[in-house]
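Examination of the molecular architecture
In case you want the letters, here they are:
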Amino acid sequence: MDLKSNHTAPVLTDPVPLSKSRLGVHSSLFPYSTPGAAFSPSLFLTIPRKKTGILDDVRSSSWLDSMKASSPPHKKMITKAISHDFGDADVAYRTWMVKYPSALKSFEQITNYAKGKRIALFLDYDGTLSPIVDNPDSAFMSDTMRTAVEKVAKHFPTAVISGRSRDKVFEFVGLTELYYAGSHGMDIMGPVRQTVSDYPNCFRSIDKQGKDVDLFQPAGEFLPMIQEVYGTLVESTKGIEGAKVENNKFCVSVHYRNVDEKSWNLVAQCVHDTLKDYPRLKLTHGRKVLEVRPVIDWDKGKAVTFLLESLGLSKSDDVLPIYVGDDRTDEDAFKVLREGKKGYGILVSSAPKESNAVYSLRDPSEVMEFLMSLVTWKKCSAL
């Protein structure tokens, strides 16, 4: 099968916005006005089919606008801005929290609903369990965070779902008690499914501890293509100071966090010129990262559904899934929980932004506090 073509432009996609009329959220689960996503129309783009090597390709397709929109200012810039006009920033955030209440301040409400239910916990990694850092290879979680995750996993089935490769996120976390899904859910190692799998790319494997597990890789056929694109992007971006290309197995991440903003167009052009030959790959935007992914009907939301099925929790009314994440790719998981009236999405953000989540936490330190609160609540409820 020829997976390459010179005649079709790459696909750029992001989460589709939801109106409140589509959400249909049960009032007992969300007893207040529910937030609906309202992403900017500029994020839904079609790449024009023009001659390559011309920067107008990138500008006219609004890639730069999307890169800026999905790239929050550096922490130092935020601190400076807040100190310059603290009042306005504080008011804006407090107003936003009316729509997305703090999961810590709403903890009693969450646990009241959780009584008699089995909690299943899903966690993003970067920006959730670890801080966002300039060097993606240095996104280490703290020992205290690792302890919190380890403790919560003893009480609730817990999975980490990351855009990183599964092996890489396991190296960062280092806990065998968890389930891991890498490449935005395209590489899942989970419990052995008790029923015959409806997923053709799911097969039995053995983890590093010698335990039987199910390995699910819905984008398996794309692996050679992704490897090829990775090599091409490493070569084409090597002259751009600060650019870093990361191989996340079933997706390629091009980081521009350390690239001078004046050179962002060069990064975008390199990606554009590479993707023009791969119509079966798409581009999505993260936090100062361009991500090349297969065009398949799979995302973090479907990964959550798969893991719930694998855990035998998908058809039970006494299950409460909770997903904690900070990135736009986490919106797919938030959406699944909201539309299915299944559980809670918790957005980790220190700045106001629209989301399909129900609650919010400001940063990884609050995530850790939330996890430890769950542990304490579970211990007390068992007495």
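Reading the values: rules and limits
Residues numbered from 1 in each chain as written. Predicted model: local features only at pLDDT ≥ 70, side-chain atom pairs only at ≥ 80, totals over all residues. Heavy atoms only, no water. 1 Å grid on protein atoms, 1.4 Å probe; cavity = no way out; pocket = protein on both sides within 12 Å on 5 of 7 lines; lining within 4 Å. Points joined across faces, edges and corners; volume = space filled by probe spheres on them. Helix = DSSP H or I, 4+ residues; strand = E, 2+ residues; numbered from the N terminus. Nonpolar A, V, L, I, M, F, W, Y, C, P; charged D, E, K, R; others polar. pLDDT = per-residue confidence, 0-100. Contact = heavy atoms within 4.5 Å. Pairing = 2+ DSSP bridges. Axes fitted to C-alpha atoms, helices over the stretch in contact; angles between N-to-C directions. Salt bridge = Lys/Arg side-chain N within 4 Å of Asp/Glu carboxyl O. Buried < 20%, exposed > 50% of the residue type's maximum accessible area, 1.4 Å probe, protein only. Lys, Arg positive; Asp, Glu negative; His and termini not counted. Expected span 1.5 Å × (residues − 1).

Attention shifts here to the layout of surface pockets. In this structure, the second largest pocket spans a volume of roughly 430 Å³. The wall of the second largest pocket is formed by 30 residues, among which D126, I132, R164, H255 and V289 lie closest to the centre. Elements supplying a minimum of two residues to the lining of the second largest pocket: β8 (244-247), β9 (252-255) and β11 (289-294). Considering only residue class, the lining of the second largest pocket consists of six nonpolar, 11 polar and 13 charged.

With that settled, consider the confidence of the model for the chain. Overall, the prediction assigns the chain a mean pLDDT of 83, with 77% of residues at 70 or greater. A low-confidence stretch, residues 5-10 (pLDDT under 50), is modelled with 16 contacts involving residues beyond four sequence positions or located in other chains. Long-range and interchain partners of residues 30-55, a stretch whose pLDDT sits below 50, account for 77 contacts in this model, where long-range means more than four residues apart.

One open sheet holds the nine strands; their spatial order is β6-β7-β5-β4-β3-β2-β12-β13-β14, and the pairing between them is mixed. Two strands bound the open sheet, and with one partner strand each, they are β6 (202-206) and β14 (359-361). For this sheet, the mean angle separating the axes of adjacent strands, direction not counted, is 20°. This element, helix α8 (residues 166-173), spans β3 (158-161), β4 (179-182), β5 (187-190) and β7 (212-216) of the sheet and lies at about 135° to β4.

Attention shifts here to the pattern of salt bridges. Following the criterion strictly, the structure yields 19 salt bridges and no others. Among the ionic pairs, R164 bridges to E246, the shortest N-O distance being 2.9 Å. Of this pair, R164 sits in the loop between β3 and α8 while E246 sits in strand β8, and the two are 82 residues apart along the sequence. A relative accessible area of 3% places E246 in the buried class. One salt bridge connects K276 with D277, and the closest N-O pair in it is separated by 3.3 Å.

It is worth spelling out the side chain of R293 at this point. Here R293 lies in strand β11. Notably, R293 is buried but unbridged: the nearest opposite-charge side chain belongs to E291, and the N-O separation is 5.0 Å. Residue contacts for R293: discarding those within four places in its chain leaves H184, M186, F250, C251, R280, L281, K282, T284, W298, D299 and T329.

Helix length check: helix α9 (residues 223-237) (15 residues) gives 21 Å between terminal C-alpha atoms against 21 Å at 1.5 Å per residue, within 8%. Of the surrounding secondary structure, the elements contacted by the buried residues of α9 are β8, β9, α10 (264-275), β10 (281-286) and β11.

Let's shift gears to unusual backbone geometry. Positive phi, close to 70°, is recorded for K249, a residue that is not glycine. Since its relative accessible area comes to 25%, K249 is described here as partly exposed. With a phi angle near 55°, K341 is a residue other than glycine that sits in the positive phi range. On the accessibility criterion, K341 (42% relative accessible area) is partly exposed.

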